[in-house]
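Chains, contacts and geometry: an overview
Residue strings, one per chain:
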Amino acid sequence: MTQAEIKLCSLLLQEHFGEIVEKIGVHLIRTGSQPLRVIAHDTGTSLDQVKKALCVLIQHNLVIYQVHKRGVVEYEAQCNRVLRMLRYPRYIYTAKTLYSDTGELIVEELLLNGKMTMSAVVKKVADRLTETMEDGKTMDYAEVSNTFVRLVDTHFVQRCPLVPATENSDTGPPPPAPTLVINEKDMYLVPKLSLIGKGKRRRSSDEDATGEPKAKRPKQSTDNKEPIPDDGIYWQANLDRFHQHFRDQAIVSAVANRMDQTSSEIVRTMLRMSEVTTPSGAPFTQPLSSNEIFRSLPVGYNISKQVLDQYLTLLADDPLEFVGKSGDSGGGIFGSRCARIFRLVLQKKHLEQKQVEDFAMIPAKEAKDMLYKMLSENFISLQEIPKTPDHAPSRTFYLYTVNILSAARMLLHRCYKSVANLIERRQFETKENKRLLEKSQRVEAIIASMQATGAEEAQLQEIEEMITAPERQQLETLKRNVNKLDACEIQVDETIFLLESYIESTMKRQ
Amino acid sequence: MVFPIGCLNSQAPSIMASRGGGRGCGRGQLTFNVEAVGIGKGDALPPPTLQPSPLFPPLEFRPVPLPSGEEGEYVLALKQELRGAMRQLPYFIRPAVPKRDVERYSDKYQMSGPIDNAIDWNPDWRRLPRELKIRVRKLQKERTTIILPKRPPKTTEDKEETIQKLETLEKKEEEVTSEEDEEKEEEEEKEEEEEEEYDEEEHEEETDYIMSYFDNGEDFGGDSDDNMDEAIY
């Protein structure tokens, strides 16, 4: 793991789980697999704190454990999984677009809690949805269950590995840690649950939505006494499936940019057909015959078979090969001319200095300048081709070439650094204005409580004036900056996703 | 491959001398034909860099615009909401609040997080290694271990100590302890002994008024007997 990745993981863990979990998590990422006592000793934290932190990390699928010989349990961190936390909003938004609010909340609960049983998820989501509905209406458990099942069917939600059922407990003392197993075919098997009920609304009045008096509402303790039918069956969000979805989206939009709407529809159809037949990590989809594609095209598109064939040949001949970096508006860091040179060298594979100038139609001086800039940033490299066996410099060709895999890796590393910088800057801004933020929160709380008890307009205004105009301005600026930084993080994460997918698929192809 | 382009500048002839083995006018000798890479004769090269690059170099080209519109706004709001929500969940472990120097009245009414290092949520212990579980002990066991050693000396100080101990026990509805619990109890006892002196001051006459604030006028006028040259107005 590079330093940049470790730094980013540290920031993410700290923001979402606090400093103690961050310390343990980062330590495990740095050192690899370690048992409990060693972690406590090396980090200087008390055993209890380490236990708490590990529970949280395991619950959220960020750390796994393994039983070694002599009963020693070792814990290992999954650095890549920690980096995924940056993408949580995107997963939730995708669920919203595909399965509306219910789907959105299901995925959100699963991501916030790591893993949950189906009944727990359904109950919580129904309650949350009921909160937002109009008075008197409630969300039925059945509807939430239906959406849950649909999410499982399309593989967006999957089962967690299970504790194996112990047949006889006479085989000695129980192991120090269970070995969790999961069967491929069981991963998307929904247990037969009959979840009947409606979401409950939190109310300060005496009766709740279902008409039961408040006193009879079951408390936390009694809930545990009822047998949970799907006890032990936990579900988690299947991030790989979301990634597949993003990738398909990116491919379709790239094709649409490069060609036209119809060809993008064709590609979308191909991808949809391959969803079931191809595992998500495969570099190529299964070959599809044009007849199959023709039959599967959406109803609105009545293009003839010949036209379809033409499109397919066009798509096959395109040198871009679909998966790769998406377009650069304005040319990015170096400008559009540099981008032209870069694309040129990429296409022609190897070029001499003179050839670059000629093909790109850029004056020699500028071309030289740009080439050296890109060279110093490692986007382009020099390849020596000796004419003579003694590699004499005066008789050697020096060609510019692009090694796209290493360029992609370098860019990815830069992205990680950028996100870490963005998060740090955001935390710094928030810390600078901490006093002001606390003050405004207090004022808001006072106003809210006064409104609840029915205060006059004049009093409310008086309280609001506790925050002076320049302070208000400062708050506005702070909010704007924080929003900007957050939006930047989201944007850089999209680039990270593309680069990671590219590197992964290229490695698989080799 | 990084060129030390600065060194090709004719303003550094001494370096050139050691490199090329001879002072040539213009540039020194390099091992390869410079023209092949594109530096022709007589071209002006960029000046040498004498300081580290600035921390925030000016951007020559504008960056890609941020995501905006409905989707962008929604995802942004989601992100900020998630951040806030995660801080409230029991998975966010805050470091233990350091014990303040004085035991305050309000401490009795503030629930400072989970009692003695327990976890706020209930994981499925069947899925986790056994060693991660923080053990729970029963209430009665603790009570007997604490009160018994305190009973023999029945002075006022110890009475107050036991009262405080009983109060802290009453606070705990669910008794949760850990392996290092014994050590912690000893620490707590030590701290309370240190606090005792201060508490005595407060509890002496069992009034609500702290004794040290009361000024009974004994010190007044005593200081003015030293070397008074100036008149008192």
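This is a predicted model, so every value here is computed, not measured.

Concerning the sheet that holds strand β2 (residues 63-67) of chain A
Residue and element names in this part refer to chain A. What the three strands build is an open sheet, ordered β1-β3-β2; its pairing is antiparallel. Because the sheet does not close on itself, it has two edges, and the strands there are β1 (34-35) and β2. Its contacts with the sheet put helix α2 (residues 19-31) on β1, β2 and β3 (73-77), and the angle it makes with β3 is roughly 95°. Sheet contacts for helix α4 (residues 47-59): β2 and β3; angle to β2, the most-contacted strand, approximately 105°.

Concerning helix α6 (residues 88-113) of chain A
All names here are of chain A. The terminal C-alpha atoms of α6, which comprises 26 residues, lie only 12 Å apart, well short of the 38 Å expected from a rise of 1.5 Å per residue. By the largest-angle criterion, Y99 marks the main kink of α6, which is about 145°. Taken across its 26 residues, α6 has 20 buried, putting it largely inside the fold. Of the residues trailing α6, G114 is marked for its positive phi of about 80°.

A short note on the sheet that holds strand β5 (residues 157-159) of chain A
Residues and elements named next belong to chain A. Spatial ordering of the open sheet is given by β4-β6-β5, a layout of three strands whose pairing is antiparallel. Of all the strands in the sheet, the pair left with one neighbour each is β4 (116-117) and β5. Both β5 and strand β6 (residues 234-237) contribute to a ladder of three bridges, which runs antiparallel. The residue of β6 that forms the bridge with V157 is A237. With respect to the sheet, α6 is in contact with β4, β5 and β6, its orientation differing from that of β6 by roughly 100°.

So, the packing of aromatic side chains
Note on aromatic pairs: each is described by the distance of the centres and the angle between the planes. Counted by the stated rule, this structure contains eight aromatic pairs over all chains. Considering the side-chain rings of Y91 of chain A and F246 of chain A, the 5.9 Å spacing of their centres and the 5° angle between planes classify their relative orientation as stacked. One end of the pair, Y91 of chain A, is in helix α6; the other, F246 of chain A, is in helix α10 (residues 239-258), and 155 residues separate them in sequence. Y91 of chain A gets classed as buried once you look at its relative accessible area, which sits at 0%. For the pair Y93 of chain A and Y74 of chain B, a centre-to-centre distance of 5.7 Å together with 50° between the ring planes defines the contact as tilted. A residue pair is termed interchain when its members come from two chains, as with Y93 of chain A in helix α6 and Y74 of chain B in helix α3 (residues 69-88). What makes Y74 of chain B partly exposed here is its relative accessible area of 28%. Through a chain of ring-to-ring contacts, three or more aromatic side chains come together here, namely Y88, Y91, Y99, F156, F242, F246 and F497 of chain A. Its guanidinium or amino end placed over the ring of F156 of chain A, R241 of chain A lies 4.5 Å from that ring's centre, counting from NZ or CZ.

Some details on the nonpolar core
Residues and elements named next belong to chain A. Membership of the largest hydrophobic core comes to 120 residues, with the highest contact counts inside it found for L8, F17, L54, Y75, I341 and I380. A total of 12 residues in this core trace back to one element, the largest contributor, which is α6. Of all hydrophobic cores here, the second largest spans six residues; its members include V443, M450, I463 and I467.

Some thoughts on a negative patch on the surface
On the surface, a cluster of negative charge is contributed by E457, E462, E464 and E465 of chain A. Locating E457 of chain A in the fold gives a position in helix α19 (residues 457-464).

Details of the packing of helix α15 (residues 353-360) of chain A against helix α16 (residues 364-376) of chain A
Residues and elements named next belong to chain A. Viewed as axis vectors pointing N to C, α15 and α16 meet at an angle of 115°, and their least axial separation amounts to 10 Å. As for the relative orientation of α15 and α16, their crossing is right-handed in sense. Contacts between α15 and α16 involve Q353, V356 and E357 on the former and, on the latter, A364, A367, K368, L371 and Y372.

Examining the state of the cysteines
Residues and elements named next belong to chain A. A full pass over the atoms with the stated rule returns zero disulfides over all chains. Of the cysteine sulfurs around C79, a residue in no disulfide, the closest is that of C9, at 3.4 Å. You can call C79 buried: its relative accessible area is 7%.

Regarding the pairing of β6 of chain A
All names here are of chain A. Across the two faces of β6 the burial is the same, with Y234 and Q236 and W235 and A237 all buried. Two elements, β4 and β6, share two bridges in a ladder whose sense is antiparallel. Across the sheet, T117 pairs through a bridge with Y234, a residue of β6.

Some points on the environment of V26 of chain A
Residues and elements named next belong to chain A. If you trace the backbone, V26 turns up in helix α2. Given the relative accessible area of 8%, V26 is considered buried. Taking C-alpha positions, V26 is 8.4 Å from A77, a pair spaced 51 residues apart along the chain. With residues up to four places along the chain from it excluded, the contact list for V26 reads I6, S10 and L13.

Some remarks on unusual backbone geometry
Residues and elements named next belong to chain A. Look at N61: it is not a glycine, yet its phi comes out positive at around 65°. You can see N61 is positioned in the loop between α4 and β2. One non-glycine residue with positive phi stands out, namely H155, at about 70°. Within the secondary structure, H155 is located in the loop between α8 (141-153) and β5.

What about the pattern of salt bridges?
Following the criterion strictly, the structure yields 19 salt bridges over all chains and no others. Residues R84 of chain A and E500 of chain A are paired through a salt bridge, measuring 3.2 Å at the closest nitrogen-oxygen approach. Within this pair, whereas R84 of chain A is found in the loop between α5 (79-83) and α6, its partner E500 of chain A is found in helix α20 (residues 469-509), the two being separated by 416 residues in sequence. You can call E500 of chain A buried: its relative accessible area is 13%. Of the charged contacts, one joins R83 of chain B and D486 of chain A as a salt bridge, the two residues approaching to 3.0 Å between their closest N and O atoms.

Regarding the environment of R414 of chain A
Residues and elements named next belong to chain A. Counting through the fold element by element, R414 comes out in helix α17 (residues 404-432). Note on R414: relative accessible area 28%, which makes it partly exposed. Between the alpha carbons of R414 and I496 there is a distance of 9.6 Å; along the sequence they are 82 residues apart.

A closer look at the pairing of β2 of chain A
All names here are of chain A. In this structure, β2 lies alongside β3, joined through five bridges in antiparallel fashion. Across the sheet, residue V63 finds its bridge partner in β3, namely A77. Taking the residues between adjacent antiparallel strands as the criterion, β2 and β3 are bridged by five residues, where R70 takes a positive phi near 65°.

About the thresholds
Residues numbered from 1 in each chain as written. Chains lettered and ligands numbered in written order. Predicted model: local features only at pLDDT ≥ 70, side-chain atom pairs only at ≥ 80, totals over all residues. Heavy atoms only, no water. Pairing = 2+ DSSP bridges. Helix = DSSP H or I, 4+ residues; strand = E, 2+ residues; numbered from the N terminus. Contact = heavy atoms within 4.5 Å. Axes fitted to C-alpha atoms, helices over the stretch in contact; angles between N-to-C directions. Expected span 1.5 Å × (residues − 1). Bend = angle between axes of the 7 residues up to and from the residue. Buried < 20%, exposed > 50% of the residue type's maximum accessible area, 1.4 Å probe, protein only. Phe/Tyr/Trp six-rings, centres within 6.5 Å; stacked < 30°, edge-to-face > 60°. Lys NZ or Arg CZ within 6 Å of the ring centre and 35° of its normal. Core = buried A, V, L, I, M, F, W, Y, C linked by side-chain atoms within 4.5 Å. Patch = residues over 30% accessible without salt bridge, like charges linked within 9 Å, V, L, I, M, F, W, Y side chains within 5 Å. Areas by Shrake-Rupley, 256 points an atom, 1.4 Å probe, with all protein chains shown as cover. Salt bridge = Lys/Arg side-chain N within 4 Å of Asp/Glu carboxyl O. Lys, Arg positive; Asp, Glu negative; His and termini not counted. Charge placed at Lys NZ, Arg CZ, Asp CG, Glu CD. Left-handed = near helix turned anticlockwise from the far one by under 90°. Disulfide = S-S within 2.5 Å.

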